[in-house]
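Understanding the architecture of this molecule
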Amino acid sequence: NFLDAAASPPFPGVLPERDGGVLQKLATLFALDQMQGVSADLLESGFMHPTRHPPLLRAAIRTLLHELRGDAVALVDAFDFSDNQLKSTLGRYDGEAYR
């Protein structure tokens, strides 16, 4: 699965070990965001406890966002999003927005 592949890249020496961790965090963030998007369904069907799980989900998302913040520019550059796609008026491909 993708999480396993992100944790251990199939081409050793091509993707630095640190970047594999970033990809795993990004994949986990995506999964948690998807869960949050359907949390009403998960609550209704009994897969989530109404008072315990939503706060844990939000806390996990905030933690991952904080951990990924330093890699945000590199991730955006890696996915080759344009400033127009991001609706950003500030930004440069090399990450040096303030230079």
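Before going into details, it helps to say that this report is about the structure given with it.

Cut-offs used in this document
- Residues numbered from 1 in each chain as written.
- Predicted model: local features only at pLDDT ≥ 70, side-chain atom pairs only at ≥ 80, totals over all residues.
- Heavy atoms only, no water.
- Helix = DSSP H or I, 4+ residues; strand = E, 2+ residues; numbered from the N terminus.
- Buried < 20%, exposed > 50% of the residue type's maximum accessible area, 1.4 Å probe, protein only.
- Contact = heavy atoms within 4.5 Å.
- Areas by Shrake-Rupley, 256 points an atom, 1.4 Å probe, with all protein chains shown as cover.
- Expected span 1.5 Å × (residues − 1).
- Arc of directions from axis to C-beta.

**Brief notes about the overall build of the protein**
Looking only at helices and strands, one finds five helices and zero strands in the protein. Of the regular secondary structure in the protein, the N- to C-terminal order runs α-α-α-α-α. Across the 99 residues in the protein, those meeting the buried criterion constitute 16%. Taking all contacts inside the protein whose residues are at least 6 apart in sequence as the whole, residues at least 24 apart take part in 40%. Accessible surface, the protein as shown: approximately 7,700 Å² in total, 59% of it carbon and sulfur.

**Here we look at helix α4 (residues 53–68)**
Compared with the 22 Å implied by 1.5 Å per residue over 16 residues, the 22 Å span of α4 between its first and last C-alpha is a close match. Along α4, the residues classified as buried are Pro54, Leu57, Ile61, Leu64 and Leu68. Each buried residue of α4 sits inside an arc of 95° when the element is viewed along its axis, so together they form one side. Across from the buried face of α4, at angles greater than 90 degrees, the exposed residues are Leu56, Arg62 and His66.

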